[in-house]
Structures are given as structure tokens and as C-alpha cells.
Amino acid sequence: MRREGTGPGAPSGPEPRQEPLRTEFEFELPRGYVDESGTVHRRGAMRLATARDELVPLRDVRVRENPAYLSVVLLGRVITRLGSLPSVHDGTVENMFASDLAFLQDFYRQINAEGHTRAAVACPHCEESFEVELAGSRLGES
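Note that the coordinates shown come from a computational prediction; the quantities given were computed from them, not determined experimentally.

Trainee: Can you explain the pairing of strand β1 (residues 24-34)? Please cite residues and give values.
Mentor: Here is the key point about a regular strand: its side chains alternate between the two faces of the sheet. In this sheet, strand β2 (residues 40-47) lies alongside β1 in antiparallel orientation, the contact comprising seven bridges. Looking at the pairing, Glu28 lines up with Arg43 of β2. Counted along the chain from β1 to the antiparallel partner β2, the turn is five residues long, and its residue Gly38 has a positive phi close to 95°.

Structure representation (C-alpha cells):
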């Protein structure tokens, strides 16, 4: 049995080391979720979504009645931690500020579609291209 990458025409030398698959990503909300007691929760974590995470909300009555509710239910499934809250669910997400919801929707797309939290951007003044890290940073900070 031959290992992948061996035999004629295969590159020689040591095999490149693969980084372990990262399945959870930390974030910091721009405004923060305010709970019933007035405590603001900003730092949290989101895990990669599974196929089930994206399919189950489609059976939810609220999503069928209002497709815009899909992201609320989906985010409620994949946010694993937010501040000192004991749990995060769709009710938590539906009570977030709109700017935090937009941030989380973009963050979800970044980690699930591209597999990382870096975004390619260009300076509006000099047009130089560079990458910025989205995870754990606040809007307007570098």
C-alpha cells in the first residue's frame, strides 16, 4: 500500500506539518448583549456549523413564517459562549442589538465559508492591500 504523496513525481523532503483543525473561534461584540440584570456581555465563542445546524432551523415554524429569522436560530445553535451567561440560545440572539447581530452574521460567514477570521482589505487612501484579524477585535481597532 502506497501513502499519498509517495512514489514517482512526488515532492521529496519531509511532509509539511498540518495545523490541527480549529473548530471554535473567539469574538468580541461591538456593543454587547445586555442581560436582564443590566450586565453587558461582549466576549464569546462560536463553533463551526455542521450540516445539521443549517438544516434543523428550516423546520422551525418561526423560520417558515419569516425567513429572516433563520440567522437568529442558526446563531443560537453555534454560539457556544457569551460572557458569563450560562447558555446562549435563539432568545439571546433575538435580543441583541442590530449591530451585534450583523457582526455575528459576518463572523459566521467568515469562519464557515473561508475557515478563518482574517479578511483581505485595501486602504482607501493608498490602496495597499493587507489582511485584518476579525476575531477578538473591536470595530475600528487594528
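Trainee: Give a detailed account of the pattern of salt bridges, specifying residues and quantitative values.
Mentor: For the structure on display, the rule yields eight salt bridges. Residues Glu24 and Arg81 are paired through a salt bridge, measuring 3.7 Å at the closest nitrogen-oxygen approach. Of this pair, Glu24 sits in strand β1 while Arg81 is found in strand β3 (residues 79-82), placing the two residues 57 residues apart along the sequence. Looking at Arg81, the relative accessible area reads 35%, which means it is partly exposed. Among the ionic pairs, Arg62 bridges to Asp90, the shortest N-O distance being 2.6 Å.

Trainee: Any chance you could break down the packing of aromatic side chains for me, citing the residues and the numbers?
Mentor: Summed over all chains, the structure comprises three aromatic pairs. Taking 5.6 Å as the distance between ring centres and 65° as the angle between the ring planes, the aromatic pair formed by Phe27 and Phe107 counts as edge-to-face. Of this pair, Phe27 sits in strand β1 while Phe107 is found in helix α5 (residues 98-114), placing the two residues 80 residues apart along the sequence. Each member of the pair, Phe27 as well as Phe107, is classed as buried. An aromatic cluster is built from Phe27, Phe103 and Phe107, whose rings are joined through pairwise contacts.

Trainee: Provide a residue-level description of the nonpolar core, including the pertinent values.
Mentor: Among the nonpolar cores identified, the biggest contains 23 residues, and Phe27, Met46, Leu75, Ile79, Leu82 and Leu104 are the most heavily contacted of them. Of all the secondary structure elements, the ones that give two or more residues to this core are β1, α3 (70-78), β3 and α5.

Trainee: Account for the side chain of Asp53, with residues named and values stated.
Mentor: Checked against the element boundaries, Asp53 lands in helix α1 (residues 51-55). One polar contact links the side chain of Asp53 to the main-chain amide nitrogen of Thr50, over a distance of 2.9 Å. Not counting residues up to four positions away in its chain, the partners in contact with Asp53 are Arg47, Leu48, Leu74, Arg77 and Val78.

Trainee: Before we move on, can you summarise a nonpolar patch on the surface with the specific residues and values?
Mentor: A cluster of nonpolar side chains, Val34, Val40 and Phe97, forms an exposed patch at the surface whose accessible area comes to about 240 Å². With respect to the element layout, Val34 can be found in strand β1. Judged by its relative accessible area of 37%, Val34 falls in the partly exposed class.

Trainee: How would you summarise the sheet that holds β2 if you had to cite specific residues and measurements?
Mentor: The antiparallel open sheet is built from three strands, whose spatial order is β1-β2-β3. At either end of the open sheet lies a strand with only one pairing partner, and these are β1 and β3. Strand after strand, the sheet turns through a mean of 25° between neighbouring axes, direction not considered. Running at roughly 170° to β1, α5 makes contact with β1, β2 and β3 of the sheet.

Trainee: Requested: an account of the packing of α3 against α5, with residues and values cited.
Mentor: The N-to-C vectors of α3 and α5 enclose an angle of 70°; their axes lie 11 Å apart at closest approach. Classed by the angle they form, the pair α3 and α5 counts as roughly perpendicular. α5 is crossed by α3, and the crossing has left-handed handedness. In contact with Ser71, Leu74, Leu75 and Val78 of α3, α5 contributes Leu101, Leu104, Gln105 and Tyr108. Its residues placed into classes, the contact of α3 with α5 shows six nonpolar, two polar and no charged.

Rules and cut-offs
Residues numbered from 1 in each chain as written. Predicted model: local features only at pLDDT ≥ 70, side-chain atom pairs only at ≥ 80, totals over all residues. Heavy atoms only, no water. Pairing = 2+ DSSP bridges. Helix = DSSP H or I, 4+ residues; strand = E, 2+ residues; numbered from the N terminus. Salt bridge = Lys/Arg side-chain N within 4 Å of Asp/Glu carboxyl O. Buried < 20%, exposed > 50% of the residue type's maximum accessible area, 1.4 Å probe, protein only. Phe/Tyr/Trp six-rings, centres within 6.5 Å; stacked < 30°, edge-to-face > 60°. Core = buried A, V, L, I, M, F, W, Y, C linked by side-chain atoms within 4.5 Å. Polar contact = N/O pair within 3.5 Å; in protein donor to acceptor, adjacent residues only side chain to side chain. Contact = heavy atoms within 4.5 Å. Patch = residues over 30% accessible without salt bridge, like charges linked within 9 Å, V, L, I, M, F, W, Y side chains within 5 Å. Areas by Shrake-Rupley, 256 points an atom, 1.4 Å probe, with all protein chains shown as cover. Axes fitted to C-alpha atoms, helices over the stretch in contact; angles between N-to-C directions. Parallel < 35°, antiparallel > 145°, perpendicular 65-115°, else oblique. Left-handed = near helix turned anticlockwise from the far one by under 90°. Nonpolar A, V, L, I, M, F, W, Y, C, P; charged D, E, K, R; others polar.

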